[in-house]
Amino acid sequence: MTPADVIVEAGRLAAEGKPYALATVVNVVRPASARRGDRAIVTPDGRVTGWVGGACSEPSVVREAMRALADGEVRVARMDGECASEGVVEVLIEPVLPAPLLAIVGESPAARTLAELARTVGWRVIDDRVEGADAVVVATMGHGDEDLLAAALRAGAGYVGLVASSRRATSVLAGLRAQGLEEEEVLRVRAPAGLDLGPSTQDEIAVAILAELVAWRHTRPGESPVPVEAVDPVCGMTVSAESAERVEHEGMTVVFCSAHCRARFEAEPERYRVGTS
Amino acid sequence: MRDVLETLERWAATGAPVAIATVVGTERSAPRDPGAVLAVSESGDVAGSVTGGCVEPAVYGEAREVLAGGAPRLKTYGIADEEAFEVGLPCGGTVHIFVDRLDPELVAPIAEAVREERPIALEVRITGEDAGAKRLVTLDDEGPAAELLARGDNGIVDTPEGQIFVSSFAPRPNMYVFGAVDHAAAVASIGRYLGYRVTVCDARAKFVTPARFPDVDELVVEWPDKFLAGAPVDERTVICVLTHDHKFDIPTLKVALETNAGYIGAMGSRRTNESRNERLRAEGVTDEEIARIHAPIGLKIGSRTPEEVAVAIAAQIIQVMRTPRPQEVPA
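Explain the overall build of chain B to me, using residue names and the numbers behind them.
Broken down by element type, chain B carries 11 helices and 15 strands. For chain B, the spread of C-alpha atoms along the three principal axes comes to 70 × 40 × 40 Å. Among the 331 residues that make up chain B, the fraction classed as buried is 48%. Long-range pairs, those at least 24 residues apart, make up 59% of the contacts in chain B between residues at least 6 apart in sequence.

Structure below.
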C-alpha cells in the first residue's frame, strides 16, 4: 500500500465516521527502513495499514497511536537508534476522531440554541432519534420526557441530560424509578442538565449544557484505554507494560522494547537501573 | 418584546389596536424569561411567544377578549395550575402574564430607539386601579424603571400604587475582545449568541480582517489600551484579553482595571499568568485589583479547541454576571 493509498483509506474511514490515527514519517536519520513520507493508519484495534518502518518502530507507533486516540492530541514519536540496528525515525501521529453525535430532542428555545452552538464546536447534531448518539439532551418541556430518557439510557448514551427546573427534574426522575429503571441508571441522568451558572436565560442554559458536554467529552474514559507503561531500562523508551519482551529480575518484571534490548540487559543486568520510571 | 418589534411596527402603522401578553414574572424554570411577548393583532394574527407553546392557546383567548374591550388582566399559569392542565400542557415552572392593549403610538418611539441603540424602557402598571397605564422611560428619568434600564433588566417593581413591570430595551452590552487570535473569532461568535455587541481590537492590521472575523460588530486596528481608554464601559461590559503578550496585556489590563467592567478575563498559561501578575504588581496594581482578573480565562472544562475555549469563557461570563456583586463598603 503506497502512502497515497493510505490517504484514500484514511478518507474512507473518516467518511464512515470511524476513529483512526494517521502516522507519517517526518524525519529519518539513516540507516533506517522507513523513508520520509511513509504513512500508515492505525485503528483502535491496533491494526496497522501501510508502512512506517519495520518490527522495531511499529510497536512504538501503535502505542503512541493508542495514546493519541485516547487523549485526542497530535504527537511526534521519536524512535532512537538504540532500540535496533536503525538510525532515528520520527513519526507524526494525528488522531482522527469522529465528531461526537449529540441528540437534542424537544422544542424548547434552549434546545434550539444548543443545537446551533454544538455545531460550532464540531459536534454532529440530530433531533429525530436517541439511538446511536454519544450524548442525549431531552428538552421537551414535559412531552414524554421519561420515555425519551429511558430510551437514551437503554441505547447506552454516555451523557444523558434533562432540561428542566430542579423541581420538575425530581418528578421526572421519580417517574423513571416508577418505570422500574435501576437506581444506577436513573443516577446517570443529569437533571437539570448543564453546569450550574446561576439563574439563567434560555440562551445561557444552552451554554451551561454545552460547557458540561465539553467537560464530559474530555474527561470520559477513552474508548481505547491507555496501556500501563514501563520504561525499557536499556534504551530508555517508554513501552507498554504488556510488552512480550520481558524478564524476571530480582523479583521484578522488567520489560523491553525489543529482543535486542532484552538481550543487552540479560548480558549485563548490573549496568542498568531497573524501575518503572 | 424585541423579537416582535418589527411586526408590531407593521401592525401599528395601520392604526389598528393590538393586544400584547407579556411575561412579567416566572417561578422556577419557565420556557421564556420576563419581557417575552405574545402579540395579537385585531385580525387575529399572532407574533412571538410567552412559553414556547405551553399556554399560548389560553393566552391567545385572553388577548382576544382584551381586544374586544375586556379589561387588562394579570394571569398565572403553572404546572400545579388547574388551568394549565385544562389546556393540556403540563409545562414546568409558573409564569405570570399580563395581557392588555398596546397603543400603536408607543411602538414607533421604542423601535426607533432600539435601532439607534438608545436605551429606552416601557413601564406598565400591572396591578391597582390604573392597571394597563404605560409610559416610556429613558436613562434621564428618575426612579426604579430607569435603574432597571441601566442594568438592562426586565422586572417587577413595587410602588405604593401597585406593581409596575419594566421592559428594558437597553442597547446590547459591549464585549471587547483584544488580540485577533483564533480564539477571538470563536469568543466573538458565542458573545453574539449571548447578546453582546462584540468589538475585536488588535494593533496588528494584518490580523484584523473581516475574513478572519465574519461574526463581529466592529473591527478595530489600534493599540488595545488606547482603544479601551476611549471606549464606553459599564458594569455590563465584558473585557477579554486574549493577546497573551505582556507588551499588549499589561497596559490593556491596567486600563480595564480602572473601569467598572463586569467581567475581565485574560488568557495565558498558569506561568504566563504568574509573570503577568508580577509585572502588574511592579507597575503598582494591587492584589485586590488583580483578583478582579479571571485568569487563566474560562471555566476549567478541559477545552482543547478555540471553539471549546470560547464555551468555557462564555460559561464563566454567565456565572460571573449572574453572581450578585458584593456591596461596596464605603471607606
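Explain the packing of aromatic side chains to me, and be specific about the residues and the numbers.
Inspection of the entire model under this criterion finds seven aromatic pairs over all chains. Here Phe256 of chain A and Phe265 of chain A contribute two aromatic rings whose centre-to-centre distance is 5.1 Å and whose plane-to-plane angle is 50 degrees, an arrangement assigned as tilted. The exposure classification of Phe256 of chain A matches that of Phe265 of chain A, with both residues buried. Arranged with centres 5.6 Å apart and planes meeting at 80 degrees, the rings of Tyr176 of chain B and Phe227 of chain B form a pair that is edge-to-face. Placement of the pair is Tyr176 of chain B in strand 10 (residues 174-178) and Phe227 of chain B in helix 7 (residues 224-230), with a sequence separation of 51 residues. Residue Tyr176 of chain B shares its accessibility class with Phe227 of chain B, and that shared class is buried. Ring pairs connect the aromatic residues Trp123, Tyr159 and Trp216 of chain A, which therefore count as one cluster.

So what's going on with the interface of chain B and chain A? Residues and values would help.
Contacts between the two partners involve 31 residues from chain B, matched on the other side by 33 residues from chain A. Of the roughly 2,700 Å² buried where chain B meets chain A, counting both sides, 63% is carbon and sulfur surface. Sorting the residues of chain B by area buried against chain A places Tyr193, Arg304 and Arg322 of chain B first, and these three jointly supply 25% of that buried surface. The interface formed by chain B and chain A holds three salt bridges in total. The partner of Glu73 of chain A in a salt bridge is Arg304 of chain B, with the nearest N and O atoms 3.3 Å apart. Connecting chain B to chain A are six residue pairs in polar contact (both at pLDDT 80 or more). Ranked by residues supplied to the side of chain B that touches chain A, first place goes to helix 11 (residues 306-322) of chain B with eight residues. Across the side of chain B that touches chain A, the residue classes tally to 17 nonpolar, seven polar and seven charged.

Describe the sheet that holds strand 3 (residues 48-50) of chain A, listing the residues and the values that go with them.
All names here are of chain A. Read from one edge to the other, the open sheet built from five strands follows the order 3-2-1-5-4, with strand pairing classed as antiparallel. The open sheet has two free edges, formed respectively by strand 3 and strand 4 (75-79), since each of these has just one partner strand. Each adjacent strand pair in this sheet contributes to an overall mean axis angle of 25 degrees, direction not counted. Here strand 4 pairs with strand 5 (residues 88-96) via five bridges, running antiparallel. Bridge pairing in strand 5 places Arg75 opposite Ile93. Across the face of the sheet, helix 1 (residues 3-15) comes into contact with strand 1 (20-29), strand 2 (39-42) and strand 3 while running at roughly 30 degrees to strand 2. Along the sheet face, helix 2 (residues 57-71) touches strand 1, strand 2, strand 3, strand 4 and strand 5 and points at about 160 degrees away from the line of strand 4.

How would you explain empty space enclosed by the protein if you had to name every residue and give the values?
Residue and element names in this part refer to chain B. What the rule picks out here adds up to three cavities of 30 Å³ or more. Reported here for the second largest cavity is a volume of approximately 60 Å³. Met1, Ile20, Thr22, Val24, Phe98, Asp100, Leu122, Val124, Ile126, Lys134, Phe165 and Ser167 together form the lining of the second largest cavity. Mapped by element, the contributors of at least two residues to the lining of the second largest cavity are strand 1 (18-27), strand 5 (94-102), strand 6 (120-125) and strand 9 (162-169). With three residues, strand 1 is the single largest residue contributor to the lining of the second largest cavity.

Can you explain helix 4 (residues 104-115) of chain B? Please cite residues and give values.
Residues and elements named next belong to chain B. The terminal C-alpha atoms of helix 4 lie 18 Å apart, and with 12 residues this matches the ideal 16 Å at 1.5 Å per residue to within 8%. Looking only at helix 4, the buried set comprises Leu106, Val107, Ile110, Ala111 and Ala113. Axial view of helix 4: buried residues confined to an arc of 160 degrees, hence all on one face. Seen from the buried face of helix 4, the exposed residues on the opposite side, beyond 90 degrees, are Glu105 and Arg115. Taken together, the buried residues of helix 4 touch helix 1 (5-13), strand 5, strand 6, strand 7 (134-137) and strand 9. Where helix 4 terminates, the next one or two residues include Glu117, which has phi positive at roughly 55 degrees.

Can you tell me about the packing of helix 8 (residues 246-257) of chain B against helix 9 (residues 270-282) of chain B, naming the residues and giving the values?
All names here are of chain B. Where helix 8 contacts helix 9, the two axes come as close as 10 Å, and the packing angle between them is 55 degrees. In this view, helix 8 runs oblique relative to helix 9, as classed from their interaxial angle. In terms of crossing hand, the pair formed by helix 8 and helix 9 is right-handed. Together, His246, Asp249, Ile250, Leu253 and Lys254 of helix 8 and Thr272, Ser275, Arg276, Arg279 and Leu280 of helix 9 make up the contact between the two elements.

Go over the pairing of strand 2 (residues 37-41) of chain B, please, and point to the residues and values.
Residue and element names in this part refer to chain B. With five of five residues buried, strand 2 is to be regarded as a mostly interior element. Side-chain alternation along strand 2 places Val37, Ala39 and Ser41 on one buried face and Leu38 and Val40 on a second face that is also buried. As judged from the five bridges shared by strand 1 and strand 2, these two strands associate in the antiparallel manner. Across the sheet, Ala21 pairs through a bridge with Leu38, a residue of strand 2. Two elements, strand 2 and strand 3 (residues 46-48), share three bridges in a ladder whose sense is antiparallel.

I'd like a rundown of the domain arrangement of chain A, residues and numbers included.
Domain annotation of chain A identifies domain 1 (9-97), domain 2 (101-219) and domain 3 (228-277). Summarising the inter-unit geometry, the C-alpha centres of domain 1 of chain A and domain 2 of chain A are found 38 Å apart.

Outline the nonpolar core, listing residues and values.
The tendency in soluble globular proteins is for nonpolar side chains to be buried side by side. Counting 62 residues, the largest nonpolar core has Ile209 and Leu213 of chain A together with Cys240, Leu242 and Ile313 of chain B as the members making the most contacts within it. By residue number, the principal contributor to this core is helix 7 (residues 202-219) of chain A, which donates 11 residues. Grouped together as the second largest cluster of nonpolar side chains are 24 residues, Trp11, Ile20, Val24 and Ile110 of chain B included.

Describe the packing of helix 4 (residues 145-154) of chain A against helix 5 (residues 166-178) of chain A, listing the residues and the values that go with them.
All names here are of chain A. Orientation of helix 4 relative to helix 5, taken along the N-to-C sense of each, is 60 degrees, at an axis distance of 9 Å. Considering how the two elements wind past one another, helix 4 and helix 5 form a crossing that is right-handed. Of helix 5, the residues touching helix 4 (which contributes Asp145, Glu146, Leu149 and Ala150) are Arg168, Ser171, Val172, Gly175 and Leu176. Considered class by class, the residues forming the contact of helix 4 with helix 5 number four nonpolar, two polar and three charged.

Scoring rules and cut-offs
Residues numbered from 1 in each chain as written. Chains lettered and ligands numbered in written order. Predicted model: local features only at pLDDT ≥ 70, side-chain atom pairs only at ≥ 80, totals over all residues. Heavy atoms only, no water. Helix = DSSP H or I, 4+ residues; strand = E, 2+ residues; numbered from the N terminus. Buried < 20%, exposed > 50% of the residue type's maximum accessible area, 1.4 Å probe, protein only. Contact = heavy atoms within 4.5 Å. Phe/Tyr/Trp six-rings, centres within 6.5 Å; stacked < 30°, edge-to-face > 60°. Buried area = accessible area lost by both parts, 1.4 Å probe. Salt bridge = Lys/Arg side-chain N within 4 Å of Asp/Glu carboxyl O. Polar contact = N/O pair within 3.5 Å; in protein donor to acceptor, adjacent residues only side chain to side chain. Nonpolar A, V, L, I, M, F, W, Y, C, P; charged D, E, K, R; others polar. Pairing = 2+ DSSP bridges. Axes fitted to C-alpha atoms, helices over the stretch in contact; angles between N-to-C directions. 1 Å grid on protein atoms, 1.4 Å probe; cavity = no way out; pocket = protein on both sides within 12 Å on 5 of 7 lines; lining within 4 Å. Points joined across faces, edges and corners; volume = space filled by probe spheres on them. Expected span 1.5 Å × (residues − 1). Arc of directions from axis to C-beta. Parallel < 35°, antiparallel > 145°, perpendicular 65-115°, else oblique. Left-handed = near helix turned anticlockwise from the far one by under 90°. Domains from an automatic or database assignment. Core = buried A, V, L, I, M, F, W, Y, C linked by side-chain atoms within 4.5 Å.

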